Amino acid sequence: MAGRIDGGAPPQGASARPVARAEATLVRHYRRLVRLAYLALPGDRDRHSRVLAAHAAVQRALPSRRTRLEEPADAGEDPLYAALRLRVLRAALQPRPSDRLLTPRVWGLRLFTPGGGEQDAALDRELGALEAPARSAFALLTVEELTPGQAAEVLRRAGVADPDRAVAEASQLSAGPEPGLPAFDPCAVRVQPTDLLRRRRAFGASLAVAVLALTTTAAVLGGSGAPAPAGAPTGPLAAPPSGSATDPARLLRMAPDRWQHTARVDFSAWPARGDRRDDAALLGRALAAWARPGPQTRAEPGTGTTPPQDPPHLLFAGTVDGTAVVVLYDGGRLARWTDGRGGGLDLARADDSSVTTAGAVVLRRQGTTARYLLAPWIEAADTRRIDQPDAPAKPLDRVDGVTAAVPGGGSPGSSSPGALANCQAATVLQVRSSSTIAEKHAFLLADLGGLVPAHLSYTPPPDRAQPARDPREAVGPDALLAWARAACAVPDGTPGVKQLDLWAFAVQQLPQNAGAAAWVCLRADRWDGEGSAATAVLLPNARGPQRTGGGPGRACSRFEQDTVGWTWWRSPQGTEFLLAAGSRRVTRITAKGPDWTADRPTPDHTLAVERPTRATVALEAVLDGGARIAPLR
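Residues numbered from 1 in each chain as written. Predicted model: local features only at pLDDT ≥ 70, side-chain atom pairs only at ≥ 80, totals over all residues. Heavy atoms only, no water.

K.L.:
How should the nonpolar core be read in this particular structure?
P.N.:
Burial of nonpolar side chains together is a common tendency in soluble globular proteins. Ranked by size, the top nonpolar core spans 38 residues in total, and within it Phe267, Leu334 and Trp377 carry the most contacts. For this core, the secondary-structure elements that each account for two or more residues are β4 (313-320), β5 (323-329), β8 (360-366), β9 (369-374), β10 (378-385), β15 (427-433) and β16 (442-446). (Core = buried A, V, L, I, M, F, W, Y, C linked by side-chain atoms within 4.5 Å. Buried < 20%, exposed > 50% of the residue type's maximum accessible area, 1.4 Å probe, protein only. Helix = DSSP H or I, 4+ residues; strand = E, 2+ residues; numbered from the N terminus.)

K.L.:
Explain helix α8 (residues 148-157) to me, please; I cannot follow it from the model alone.
P.N.:
Each α-helix winds once per 3.6 residues, and so residues spaced three or four apart point in a common direction. Every buried residue belonging to α8 is among Gln150, Ala151, Ala152, Val154 and Leu155, and all of these are buried. On its buried face, α8 is in contact with α4 (79-93), α7 (132-142) and α9 (163-171). Of the residues one or two after α8, Gly159 is the one with positive phi, at around 105°. (Contact = heavy atoms within 4.5 Å.)

K.L.:
Quick question: what am I supposed to make of the environment of Leu283 here?
P.N.:
Tracing the chain through its elements places Leu283 in helix α11 (residues 280-291). For Leu283, a relative accessible area of 2% corresponds to the buried category. Between the C-alpha atom of Leu283 and that of Ala249, which follows or precedes it by 34 residues, the distance is 9.2 Å. For Leu283, the contacting residues outside a window of four places in its chain are Pro248, Leu251, Arg253, Arg277, Leu314, Ala317 and Val326.

K.L.:
How should unusual backbone geometry be read in this particular structure?
P.N.:
Residues apart from glycine generally show negative phi values, whereas peptide bonds are mostly found in trans. For Asp321, which is not glycine, the phi dihedral falls at a positive 55°. In this structure, Asp321 sits in the loop between β4 and β5. On the basis of relative accessible area, Asp321 is assigned to the partly exposed category, the value being 33%. Phi at Gln512 takes a positive value of approximately 55°, unusual for a residue other than glycine. Along the polypeptide, Gln512 turns up in the loop between β19 (497-509) and β20 (516-526).

K.L.:
What should I look at first to understand the side chain of Asp492 in this one?
P.N.:
Topologically, Asp492 is positioned in the loop between α12 (477-486) and β19. Among the polar contacts listed, one links the side chain of Asp492 to the side chain of Arg526, at a separation of 2.7 Å. Other than its neighbours up to four places away in sequence, Asp492 contacts Val497, Leu500, Ala524, Arg526 and Ser532. (Polar contact = N/O pair within 3.5 Å; in protein donor to acceptor, adjacent residues only side chain to side chain.)

K.L.:
Looking at this model, I keep getting lost on the packing of α4 against α7. Mind explaining?
P.N.:
The relative placement of two packed helices comes down to the angle between their axes together with the axis-to-axis distance. The N-to-C vectors of α4 and α7 enclose an angle of 150°; their axes lie 10 Å apart at closest approach. One finds that α4 runs roughly antiparallel with respect to α7. You can see that α4 and α7 cross each other, and the crossing is right-handed. Residues Arg85, Leu89 and Leu93 of α4 pack against Ala132, Pro133, Ser136 and Leu140 of α7. Here the contact of α4 with α7 is composed, by residue class, of five nonpolar, one polar and one charged. (Axes fitted to C-alpha atoms, helices over the stretch in contact; angles between N-to-C directions. Parallel < 35°, antiparallel > 145°, perpendicular 65-115°, else oblique. Left-handed = near helix turned anticlockwise from the far one by under 90°. Nonpolar A, V, L, I, M, F, W, Y, C, P; charged D, E, K, R; others polar.)

K.L.:
Would you mind showing me how to read the sheet that holds strand β29 (residues 628-629) here?
P.N.:
Sheets are built from strands paired through backbone hydrogen bonds, the pairs being either parallel or antiparallel. On the basis of which strands lie adjacent, the open sheet formed by four strands has the order β26-β25-β28-β29 and antiparallel pairing. Edge positions in the open sheet fall to β26 (597-601) and β29, since each of these has one partner strand only. Here five bridges tie strand β25 (residues 586-592) to β26, and the two strands are oriented antiparallel to one another. Bridge pairing in β26 links Thr590 to Asp599. (Pairing = 2+ DSSP bridges.)

Okay, here's the thing in structure tokens:
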């Protein structure tokens, strides 16, 4: 039965006393109980406080010798575990003010569960909006894997007035976290130091207060003392909230030619630019906003909002379209501070960047246009329409790296003016690196609504006589034509995408001399390591790509280089065909309909089956090594 845990007999040599047995059970199931408490605790605390509170709730669940443990609602459960779980839930459901005072303390370090993906963050926000009974019900359904009836009974025993309602609310949330998912596991924490300089000053302030206290005590004992003034400092909390990371004078500024003399050509090699890079007041406001994230802080998915631990790099500080803008880089994230009303702090992942992915940053948006700050190694910049591969690129004016306004492809008011999901009239940047970086190296960048535009690449169709090809820059005629036809099928066109690759994995000659179809797989890789892919077919005279499958994962990447797709197609003569195609290692394709089967070798990696009507089909492909693969769904 779901949720049962066999406590078993006490380990050999363990005491048979109930408290000792309860301790052994708690230790054996400690991780599970802590996860239960972490999910059930209110979301008004930061992750550090919730981690400590979850551990405290479980540790305080150990009964004393005089505590009588309740019998479990389910006779098949380990009674000791069920009783401990009940005590943990009661602590989460009815926290007492004194509980926070008894929470474990960690000095000089911050503990937090590793950041998960966008789905985990959305689930965390949904849990934070629920009342305590519904959060506890969700924890019982996911961590304990109880049935709704079992969960309601446990909540009733824990003192919940309406357990059925709590279970119903919890059942409406997204699917629960996997049992070992670190994002919701307080036993799989990451450790980060607090502000070291602040701690040093705090220690000095504490020492001074202690000396003052001793002096005052001596004066009082001597009869000549006076009461301390109200509000006098009494401990480390009186230390000023400042440090080297928030001091404008400590900002790192690279030499203008550093990128020409380093093997690390990324955001760390950018010099400080802009007409206000020496404006200490402006820089101070930007650093203060990063040091104390608030309502005006906006972070792209997968980007943390914690303050930088060391002085960041200054990349830009200047006036853009009448508004002051500051761009900073802390080695892993970009921060763009827009001053004034309607501004704020935008954060984005930028770790492991390169010549291409560190090629530009969006400085300012107005309506459906955007201005960029180009990397110092960009020697030439043009714009081109993604849907006009034959039209020549247009030169883009720039001053000290700041470009003129670039039109986007979205409608007025769109949050993503250049998003390829619109795919009609989207404008991309075509830039060329200095010969110091590489000879004749040009590449495309597409604005997806975030701080950093995505790098577009292209993998051409396979050559039977050659090994699998690597992605290349999407600036050749074939690449531009492929992107013009397939851009609408990108699996992810949102902020946080690092690279978009279009892989033409097969070319199929269509029946009845109807021309050729190109099969493509488009892959989106995000800065946080997540990714997704979509397969599509480009048919002759079609207005756009016909998407055939897709989803998250590593499909169509260098870690999963085999794929297959299929679709129905009606020929110009009106005949229905099932079309299928696979990548270069596919040697056989099998398609099964309601009352028919087509199982054929595919020397050209494609299959076409004439059928009188369309129907549901199950399809799989066989690779040259015998493995079987299925299409993306």
